[in-house]
Each structure stands twice: as C-alpha cells, then as structure tokens.
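# Survey of secondary and tertiary structure
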Amino acid sequence: MSSTNRTSTVLTIAGVTAVSGILAYALYFDYKRRNDVSFRKKLRKEKKKVVKTAAQAAPESAGSTIGHVSDDEIRVALEKVRAEEVPPTPQEKEVFFLSQVQMGEQLCVQGPAYQLPAAMCFYRGLRVYPSPVELLMIYQNTVPEPIFKIVMQMMNMDVSEPSSSTEHAEEGHLEMSEEETSPSRRGPPSETSSQEWDKVTDPDSQPAVSTRLLSFIFCHSILASSISVLVLINDAFFFVHVDRVSALQVKTRIEGYYNYFPPKAMNVSVKSIETRKADGSVVIKKILIANQDFKAGDEIYKEPPVVAVLDLDLEGKGTHCSYCLRHIDEGLAIKPDSDLLGSVYCSKDCQVKAKAQSQNILFGSEPPLPAEMIPDSVQESSEERTKAQKAFAESIKESGKSVPLLVARFVGRQVESELAKMASKSSEDADLKLSDGGDYTLNDHLERLRYLELSNTEDQTKHLREVLSAALPGLEQFITDERQAMLLGKMAYNAYGVCFAGGRDDKPASTERPEDAERSRTPYGTSRQIGSGLYVVSSYVQHSCEPSARPSFASGTSELHLIASRDLKAGDEITVAYVDVTQHEGESAVEARRRRRFELARGWRFACTCDRCAKEAEVSEVDDLPVKADESKVEQTVQRLDEQGGVVPGSVESTLNVD
Ligand SMILES: [Zn+2]
Ligand SMILES: [Zn+2]
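Just so it is clear, the model here is predicted, and its values are computed rather than measured.

## So, the overall build of the protein
- Helix and strand counts for the protein stand at 20 helices and 15 strands.
- A total of about 29,300 Å² of accessible surface is found on the protein, and carbon and sulfur atoms cover 51% of it.

## Thoughts on the coordination of the zinc ion (ligand 1)
- Around the zinc ion (ligand 1), the protein contributes the donor atoms C321 (SG), C324 (SG), C346 (SG) and C350 (SG), at 2.3 Å from the metal centre.
- Here the zinc ion (ligand 1) is ringed by four donor atoms whose angles at the metal span 105 to 116°, and the overall shape comes out tetrahedral.
- For the zinc ion (ligand 1), the single-chain donor residues occur in sequence as C-x2-C-x21-C-x3-C. Of this pair, C324 sits in the loop between β9 (307-310) and α12 (348-363) while C346 sits in the loop between β9 and α12; the two residues are 22 residues apart in sequence, bridging distant segments of the chain.
- Of the residues examined, C324 reaches a relative accessible area of 9% and is grouped as buried.
- You can call C346 partly exposed: its relative accessible area is 22%.

## Some thoughts on the environment of F392
- Checked against the element boundaries, F392 lands in helix α13 (residues 382-399).
- Taking the relative accessible area as the measure of exposure, F392 reaches 1% and is therefore buried.
- A sequence separation of 68 residues divides F392 from Q460, and the C-alpha atoms of the two residues are 8.0 Å apart.

## Here we look at the coordination of the zinc ion (ligand 2)
- Each protein donor to the zinc ion (ligand 2) is listed here as C545 (SG), C608 (SG), C610 (SG) and C613 (SG); together their distances run 2.2 to 2.3 Å.
- Coordination at the zinc ion (ligand 2) is tetrahedral: its four donor atoms span angles of 103 to 118° at the metal.
- Sequence spacing of the donor residues for the zinc ion (ligand 2), all on one chain, is C-x62-C-x1-C-x2-C.

## A few points about helix α17 (residues 481-494)
- The first and last C-alpha atoms of α17 sit 20 Å apart over 14 residues, in line with the 20 Å expected at 1.5 Å per residue.
- Every buried residue of α17 is listed here: R483, Q484, A485, L487, L488, G489, K490, M491, A492, Y493 and N494.

## As for the sheet that holds strand β13 (residues 549-552)
- With antiparallel pairing, three strands are arranged side by side in an open sheet as β8-β14-β13. Because the sheet does not close on itself, it has two edges, and the strands there are β8 (299-303) and β13. Between one strand axis and the next, the sheet turns by 20° as a mean value, whatever way the strands run.
- As defined by bridge partners, β8 adjoins strand β14 (residues 560-564) across four bridges and the pair is classed as antiparallel. Bridge pairing links Y301 to L562 in β14.

## Some thoughts on unusual backbone geometry
- Cis geometry is adopted by the peptide bond preceding P262, which originates at F261 and carries an omega value of -10°.
- Unlike most non-glycine residues, N267 shows phi in positive territory, near 65°.
- Among the structural elements, N267 can be located in the loop between α11 (247-260) and β6 (268-276).
- Positive phi outside glycine occurs at A501, with the angle close to 45°.
- By the secondary structure assignment, A501 is in the loop between β10 (496-498) and β11 (531-534).
- Taking the relative accessible area as the measure of exposure, A501 reaches 84% and is therefore exposed.

## Description of the pattern of salt bridges
- Taken as a whole, this structure holds 23 salt bridges when the rule is applied.
- A salt bridge links E366 to K355; its shortest N-O distance comes to 2.7 Å. A residue pair is termed long-range when its members are at least 10 positions apart, and E366 in the loop between α12 and α13 and K355 in helix α12 qualify at 11 residues.
- Its relative accessible area of 38% is what places E366 among the partly exposed residues.
- Classification of K355 by relative accessible area gives partly exposed; the value is 37%.
- E616 is the salt-bridge partner of R612, the closest N and O atoms lying 3.0 Å from each other. You can see R612 and its partner E616 sitting in helix α19 (residues 611-616), four residues apart, about one turn around the helix.
- Judged by relative accessible area, R612 falls into the buried class, the value being 15%.

## Notes on the packing of aromatic side chains
- In this structure the tally under the stated criterion is 10 aromatic pairs.
- When the centroid spacing of 5.7 Å and the interplanar angle of 15° are considered together, the rings of F363 and F392 count as stacked. Of the two residues, F363 sits in helix α12 while F392 sits in helix α13, which places them 29 residues apart along the sequence. Across the pair, F392 and F363 agree in class, each one buried.
- An aromatic cluster of three or more residues is present, and its members are Y257, Y258, F261 and Y540.
- One residue, R448, lies across the ring of Y257, its end atom 3.7 Å from the ring centre.

## Here we look at the packing of α13 against helix α16 (residues 458-471)
- Between α13 and α16, the shortest axis-to-axis distance is 8 Å and the interhelical angle comes to 155°. Relative to α16, α13 is oriented roughly antiparallel. As α13 packs across α16, the resulting crossing turns out to be left-handed. Contacts between α13 and α16 involve E384, R385, A388, Q389, A391, F392, S395 and S399 on the former and, on the latter, Q460, H463, L464, E466, V467, A470 and A471.

## A word on the environment of T557
- By secondary structure assignment, the location of T557 is in the loop between β13 and β14.
- Residue T557 is classed as buried on the basis of its relative accessible area of 11%.
- Among residues more than four places away in sequence, those in contact with T557 are C324, R326, V498 and F500.

## Some remarks on the sheet that holds strand β15 (residues 573-576)
- Spatial ordering of the open sheet is given by β6-β7-β15-β12, a layout of four strands whose pairing is mixed. Strands at the two margins of the open sheet, each flanked by one partner only, are β6 and β12 (542-543).
- In the sheet, β6 pairs with strand β7 (residues 282-290) via nine bridges, with the strands oriented antiparallel. Among the inter-strand pairings, T275 is bridged to a residue of β7, identified as V283.

## Notes on the confidence of the model for the protein
- On average, residues of the protein score 74 in pLDDT, and 67% of them reach the 70 mark or higher.
- Least confident of the elements in the protein is helix α10 (residues 191-201), whose mean pLDDT is 30; most confident is β15, at 98.
- Contacts from residues 163-220, a stretch scored under 50 in pLDDT, to residues over four places away or in other chains number 147 contacts.
- A low-confidence stretch, residues 243-248 (pLDDT under 50), is modelled with 17 contacts involving residues beyond four sequence positions or located in other chains.

The rules behind each value
- Residues numbered from 1 in each chain as written.
- Chains lettered and ligands numbered in written order.
- Predicted model: local features only at pLDDT ≥ 70, side-chain atom pairs only at ≥ 80, totals over all residues.
- Heavy atoms only, no water.
- Helix = DSSP H or I, 4+ residues; strand = E, 2+ residues; numbered from the N terminus.
- Areas by Shrake-Rupley, 256 points an atom, 1.4 Å probe, with all protein chains shown as cover.
- Donors = N, O, S within 2.8 Å, 3.2 Å for Na, K, Ca; no water.
- Tetrahedral: all angles 85-135°; square planar, octahedral: opposite > 155°, others 65-115°.
- Buried < 20%, exposed > 50% of the residue type's maximum accessible area, 1.4 Å probe, protein only.
- Expected span 1.5 Å × (residues − 1).
- Pairing = 2+ DSSP bridges.
- Axes fitted to C-alpha atoms, helices over the stretch in contact; angles between N-to-C directions.
- Salt bridge = Lys/Arg side-chain N within 4 Å of Asp/Glu carboxyl O.
- Phe/Tyr/Trp six-rings, centres within 6.5 Å; stacked < 30°, edge-to-face > 60°.
- Lys NZ or Arg CZ within 6 Å of the ring centre and 35° of its normal.
- Parallel < 35°, antiparallel > 145°, perpendicular 65-115°, else oblique.
- Left-handed = near helix turned anticlockwise from the far one by under 90°.
- Contact = heavy atoms within 4.5 Å.
- pLDDT = per-residue confidence, 0-100.

Given below as structure tokens:
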C-alpha cells in the first residue's frame, strides 16, 4: 500500500537522524507539504475519502459530533490517554512519538471507524512532542480534517476540563492554566455549532470554511520558553498559552540570535559588556560595535523603522505622510475617505503599506480575515468597531503622545502579519529584514530590548483592547495590562526622533512637567522632531555626550541613516547623543552638562558616565539628579540569560543550562 510506503519513508528518515529525529520528522513533513505536489494531492484525496465515507456511514445523530464521533466518545478517549504513563526520557519519548504517529497514519486510511483511534495516536504524540503548537500546525496540514478536528477537540477538552485523575506536568505536554484559558472561552459550543460540524462533513454541501480549524502562533516568545496561540475551535476563538518549548530549541535559538542579528550587511554587531551600578552590582549591557573601519561622515548603515508615527500635532494637518513621515507638498496628499486620526499619505504605496501593517486593524473597517474564515457567531458589529476606534483615536489625540500610538501600531503590525499568515496572504512585512535568517518574529526582536518601567497605563490598554476585540473577538486577550506597560516602556526607552535638516521650530511647547514630557533619542531635541520611530538595531546604540555617530534622515523619510561622526576602527563602540549635547549660547559648560544630564535622567533614567561628563565634572558641583544609577531594565528572561553568559555572540564556551 502506498500509504504504508509513505510512513515508512518518514520513519526511515527519522530513524537515520536519531538524535534530532523529532525535528527531522517535523521538517520532513513540512518540506513534503510545501514541495511535493503528489504528497499534497494524496493527502487531499485521503481526506476527501475519509470525509465521504464518514458521512455515508454516519446517520444524523443528536448532540455534538465530529464526523460520527460524539463528544462523549472523545471525552472517554481523552480520559484514557490522560491516564497513560508518559515515557520519562527524551529518547523514549521520541520512540513513543514516532510509533504513535506511524500508527495514527495507518489508522487514518482505514475508514471512519478508525478515526477516533487515529486521533488518540496523534494526541499521544502531541503530549510528548517538545513543541506541541508547531506539531499542531503540522497536523493541521497533514492529518485528514475529521481526525484533526477530533485531536483539537481533545485538546479543547483537555484545557477546559482538567483531569481529575492525573497530573499533567509532563515536559512537552500542553500546559495551560485555567486562569489563562477559561476567560478566553466565548460561549460553550451550541446547538448551532454542532449543525455547523454536520455541514462540514456533509459531502453534498460546499465545505464550510467558516468552521475550519485554525491555529496560529501569535506571540512567539522563545526566550520566555512560551508561546501564545490564538486557536479557532468550533466557533470560538481561544487564546492559549503554551509553556515549555523544547529546551533544545530555546538553546539554539537564543544562542543563535546574535549570529543572525543584526544583518551582516549593516556592518555592525552587538557586544555584551559588563558595567557596574553605584551599589557595585554588575549589569550586562549590550552595545553596538563597528565591524569595519569608517571615516568621519561615512554612512554606517540604513535602517527602516519597525513602526513610526508622526507627532500628534502634525497628524491631520496633511503636511507629512503618516506612514513614511515624508514632507508632502501642498495639495498632493492622498486622503483616505475617512480616517479617525486624519492621516494622509505621500503615495499609494504608503497608503497600502500602512493599511496592511496596522491601519486597518486599528482604524479601518475591513474584516481582518476573509469573511468566510470568520464564523458567523463571531461576526463583529461594524458599529461597535467604529465606536471603539473613535474612543481610541480620541484618547490618542488627547494624550498628544507618540508612545501609545507607536505601541498600537506595533501590536497592529504583529496582529496583521499573523492574520495574513492565517489567511495565506503574503504579508507586507517582507521589506523588514532584521536578521539573516533564523526565522525570528517581531516579538523575538522586541523582547531583547531594554525598557523603562512605566505606571498608570491602564487607560491605553482598555482602548486598545476594545479596538482589537471589535475587529476580531478574542484578539484583545493578546493585550494584558502587563504586556501593554512593557511595550510602552520599550518604546519610551528606544524610540528615535525623526528630524529633517536640523528639525522644526513650530512644535507646540509641551505643557507637561519636565519629568513627564515625552522624549525620544535625538541630538536635535524632541521639540524639533516631526515624528518618532522604533528601530531595532539602532536601539542597541548607547548614549554618549561625545558620540561617535549621529542619526540622519537624509532620504527625507523615517529611514534612519547612521553616520560616523569621527573615524571609527573595526571593534569601536558606536554611540549617539540621545539629547542635545551642544553648549548653548550664554550657557557655561557646567550648565550645559547639568541640562543634558537632567534630560537623560528624566528620559532614560540613567546618570551619564561618559568621559566628557567625567572631565567636565566640577568638584564643587552638587548634582541633584533624579536618578543615581541606570534604571532601565531588561525582561527577566533576558537578564537570566545574560547572567549565564548565554547571549555572547558566537560563544562556543557558553554553558547555558535551560531546564
Ligand atoms: Zn509616504
Ligand atoms: Zn555624558
């Protein structure tokens, strides 16, 4: 039988590479699915066959069913699987996994009566597989649909009905805490939904895509060894949190990161250095160094922003592009029909990109997914969506601050790109190349950046959550108060001010207390910028009052050009001035020093320790800075790794232990 040949091929490959067998298996499956037309056809054919037989064999049954398997039967099967011992060692797990998947594949083609046993095999595989979510996605594309649905239903039950009999803290098992999953439930499966299931398995009706099971990795945080996934099961979106990504994956991805990042073409690399706090404790900081020699005036690299926003006083004026921040000559702006922020664009291209990246989800009216992929039960009301967006836009305008909008656009960009993947559309994100391979997500890049701890961010969270929820119920679970505060803190610490030719002088003066005013990294002063943006590579550039480089926006857009301010040798640290470090007219050196140090302390919460500050320090001066040491932070996972030395680029001797 051909199907037997296929599985044996799989196992031969997995067997040959015994050590990385599981990964090889996954890669093999993925490769086959993408490249082998006949393999895909065969899968489709088998799927059709099974669905057809299932429908013929199964009479109309009351209650909830998948194909001809009832929920009760699935529940019993799940209890059985849960009660089984899980092999203890990785080697045994691998053998167990392969045998279960092989058996599952064989049962798949034996007809409808074997659907449940097949699903049980796949579910057993899922329990021991180191990266269950990735496996789910492989299953979704390879396992016949009715069987995949049973697997998903088992997972659903496993999550929502914790087992009374067994502890399931086995490594690799889907661990989802009650707290995280139960509030995600958007109503129990209803009578209607079971009819929906029937519709899918009825060969005479068009397959209803609306009940297709979808899952996607949403907030893929390898560093934190966890993944958040939005899963559409039956007719409800679930947000699940999966812990314990395989230690091997964590290790390779963490150690590999700084080999892939920044892209070689940018001529710089990240280096870890140890600095000391006032209390003597050691802090590991990451700095950016030059990979080659540069002459003063040379361009070191160019970097596009991940997200950028126009200053709020310019938004709605029609003078600058809301996407690329380019100046627009009078009368040439492209104005969308309606825009809650009054955004305009310099070109069709910018308008299209803005919409694809975040504008639609935040302020647009189109469904975030093709309509047929959204179940009827979660169709949003457009009225509600507009209302949520209006409230959100109002709060942004009222705050007058850039950071909340930067965060919203960042979240929007993540959501839009994940949803695009879900709808198998090509994402506009192709033009953002932050690493030389390695398959890192935006989240992987962001979570390594330093941040400032901010308070009182609840209001912003509420509005953004409502906007996401109105676009697609379930999405709002992505934004917790904690995550939002973290994102705001990252933008506040890392954003650069975009200034053209020395900057503008028509920006309304800030009415806030100096300690509350928003600041972005710019040697011209935040009051002269036209907007701000988050640049991942440039986020690693440290401040110096005697900087070796400066940001320039010479292309007239938000694209940052880093220009050497003096000759640099390969290995030299690259620094920029986060604030205006020039000595103003009528200002003494001591006064200038004091001014810039206050700016730095208020904006970035550190007391500058650069050579110039040391040189200019006067013995008599009482420096009444609001901060004494560096108060910026890194996420706990990053800190833990730093302490273990696991992130030294290319380190061979690294002894990172991930348990
Ligand atoms: Zn533009
Ligand atoms: Zn300094």
